[in-house]
Amino acid sequence: MKYAEIIYEAWDLTTENTKLKWFVFVPSFVAVLVFVLEISWQLYLYLGEFGLIESEFSFEGIGALFHFLLDKNLLGWAIFGVIFILFFAFVVPSWVLGGLILGVKQKLYTPEKYLSLRQKMIEGVEYFFSLFEFSAVSGIFSLWSIAIFLATFYRYFHDTFFRLLWPVLLVYTIIAFFITVFMSFAPYFIVCEKKTLSTAIKKSVSIVFLNFGKTMSIILLMFLVNFRILINVVIILGVPLGVLLAMTYFANSVATVLSVLVGIALLGFAAYLTAIVEVFSTAVWTRTFFEMREQQKKLEDESIN
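Keep in mind the model is a prediction, meaning the values are calculated, not measured. Numbering of residues begins from 1 in every chain and follows the order in which that chain's sequence is written. Predicted model: local features are reported for residues with pLDDT of at least 70 only, side-chain atom pairs are reported and counted for 80 or more only, and whole-chain, interface and lining totals are derived from all residues. Think of the side-chain values as coming from all heavy atoms in the structure, minus any hydrogens and water.

**A word on the overall build of the protein chain**
Here comes step 1: Helix and strand labels come from DSSP, where a helix needs a run of H or I of at least four residues and a strand needs a run of E of at least two; each type is numbered from the N terminus. Scanning the protein chain for helices and strands turns up 14 helices and 0 strands.
Here comes step 2: Secondary structure elements of the protein chain occur, N-terminal to C-terminal, as α-α-α-α-α-α-α-α-α-α-α-α-α-α.
Here comes step 3: The buried share of the protein chain, reckoned over its 305 residues, is 32%.
Here comes step 4: For the protein chain, the share of sequence-separated contacts (at least 6 apart) that also reach a separation of at least 24 residues comes to 77%. A 1.4 Å probe rolled over the protein chains alone gives each residue an accessible area, and that area as a share of the maximum for its type sets the label: buried under 20%, exposed over 50%, partly exposed in between. Note on definitions: a residue-residue contact is assigned when non-hydrogen atoms from the two residues lie within 4.5 Å.

**So, unusual backbone geometry**
Here comes step 1: One non-glycine residue, lysine 194, adopts positive backbone phi at about 55°.
Here comes step 2: Here lysine 194 shows up in the loop between helix H11 (186–192) and helix H12 (197–210).

**Considerations on the packing of aromatic side chains**
Here comes step 1: For Phe, Tyr and Trp, where Trp contributes only its six-membered ring, two rings pair if their centres lie within 6.5 Å, and the inter-plane angle classes them as stacked under 30 degrees, edge-to-face over 60, or tilted in between. Scanning the model with the defined rule gives 26 aromatic pairs in all.
Here comes step 2: For the ring pair tryptophan 22 and phenylalanine 25, a centre distance of 5.1 Å and an interplane angle of 55° mean the geometry is tilted.
Here comes step 3: Between phenylalanine 185 and tryptophan 285 the ring centres are 5.3 Å apart and the planes differ by 70°, which places this aromatic pair in the edge-to-face class. In this pair, phenylalanine 185 sits in the loop between helix H10 (161–182) and H11 while tryptophan 285 sits in helix H14 (residues 253–304), placing the two residues 100 residues apart along the sequence.
Here comes step 4: The buried category is assigned to tryptophan 285, whose relative accessible area is 11%.
Here comes step 5: Through a chain of ring-to-ring contacts, the aromatic side chains of Tyr109, Phe185, Tyr188, Phe189, Trp285, Phe289 and Phe290 assemble into a single cluster.

**Examining the pattern of salt bridges**
Here comes step 1: Any carboxyl oxygen of Asp or Glu that lies within 4 Å of a side-chain nitrogen of Lys or Arg is treated as forming a salt bridge with it. Counting across every chain of the model gives 6 salt bridges.
Here comes step 2: One salt bridge connects arginine 287 with glutamate 9, and the closest N-O pair in it is separated by 2.8 Å. Of the two residues, arginine 287 is situated in helix H14 and glutamate 9 in helix H1 (residues 3–16); the sequence distance between them amounts to 278 residues.
Here comes step 3: Judged by its relative accessible area of 13%, arginine 287 falls in the buried class.
Here comes step 4: Through salt bridges that share partners, Glu5, Glu9, Arg287 and Glu291 make up one connected network.

**Some words on the nonpolar core**
Here comes step 1: Judged by nonpolar contacts, the single largest core of 48 residues is most densely connected at Leu20 and Phe185.
Here comes step 2: Residue contributions to this core peak at 8 residues, all from H14.
Here comes step 3: Those residues in contact with phenylalanine 185 that sit more than four places away from it in its chain are Ser204, Ile207, Val208, Thr215, Trp285, Thr288, Phe289 and Met292. We define a nonpolar core as any set of buried Ala, Val, Leu, Ile, Met, Phe, Trp, Tyr and Cys residues linked to one another through side-chain atoms lying within 4.5 Å.

**As for the packing of helix H6 (residues 92–109) against helix H8 (residues 128–139)**
For any two helices packed against each other, one specifies the inter-axial angle together with the distance between the axes.
Here comes step 1: Note on method: axes are straight lines fitted to C-alpha atoms, helices fitted across the in-contact stretch only, with angles between N-to-C directions ranging 0 to 180 degrees. Packing of H6 against H8 brings their axes to within 8 Å, and their N-to-C directions diverge by 120°. Relative to H8, the element H6 lies oblique. Crossing angle aside, the handedness with which H6 passes H8 is right-handed. Where H6 approaches H8, its residues Ser94, Trp95, Leu97 and Gly98 are matched on the opposing element by Phe128, Leu131, Phe132 and Ser135.
Here comes step 2: Here the nonpolar group is Ala, Val, Leu, Ile, Met, Phe, Trp, Tyr, Cys and Pro; Asp, Glu, Lys and Arg are the charged ones; every other residue, Gly included, is treated as polar. Counted by class, the contact of H6 with H8 contains 5 nonpolar, 3 polar and no charged residues. Throughout, the term roughly parallel applies to angles under 35 degrees, roughly antiparallel to angles over 145, roughly perpendicular to angles from 65 to 115, and oblique to all others. In this scheme, a crossing is called left-handed if the near helix is turned counterclockwise away from the far one by less than a right angle; it is called right-handed if the turn is clockwise.

**Considering the environment of phenylalanine 134**
Here comes step 1: Its place among the elements puts phenylalanine 134 in helix H8.
Here comes step 2: Of the residues examined, phenylalanine 134 reaches a relative accessible area of 11% and is grouped as buried.
Here comes step 3: Once the C-alpha coordinates of phenylalanine 134 and serine 94 are considered, the two residues, 40 residues apart in sequence, prove to be 8.8 Å apart.
Here comes step 4: For phenylalanine 134, the contacting residues outside a window of four places in its chain are Met183, Ala186, Pro187, Ile190 and Leu197.

Purely spatial values, then, with no claim about function.
Encoded structure:
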């Protein structure tokens, strides 16, 4: 397997197909927003827990927030915002993933055909429930979910249970990582070969077992690419956000409004970069899937003969 060729083809596909990037932009924007909110919330609670700032989370605070929204006639908008974020964070991604894999597959193997994203969206509905079920099953093994759980668990029990249970949590994290690796190709079996969830997971385990070294190499390459992009995003967004926070602290309400607007623009830029990474990653895994699948079929035919 020529990794450089796979990376080159995937990047070429990503840069030449603007449609695919905008197709995943809205889910990417919500994902970035949720990521920022999660990090900010964890940081706020940590600073309060260790006495670096004065913070107190209680039911009285929730009640005060509820009455504030009610008095300002913002409760309806707040409910709509929460539903919008939950819908695009947990429901839409499974639908978009199906359409994205189909779109990437067409561009990789039949690039001469016209790509209709509306048609791919319609076709993606067929795989929505299986992909949504896969997302729910694999979610408990997600390293990000485990990281959030560990951060919360450590915050509350760093002086008691965490000292006793950290070996168990470490072992679970390692097991979850390998389970995630062996389920890497399940979405591609669901979409590209129309397999059921259980069959897709079994076939994913078998294809990874046969190509474990190659799969880990792809994972390492994708980690390095994503890490490089993450560093660039932190540098690009960190400096402006730091300046804006300083302006908000020392200046008037006009600067605060300006800071919010620029912050939204920066979130949009981060979402666009995330969309690029999503398309690129899907192209790499789709290309890898078909190459490994072809090799697996040859082995199956040879074993029969």
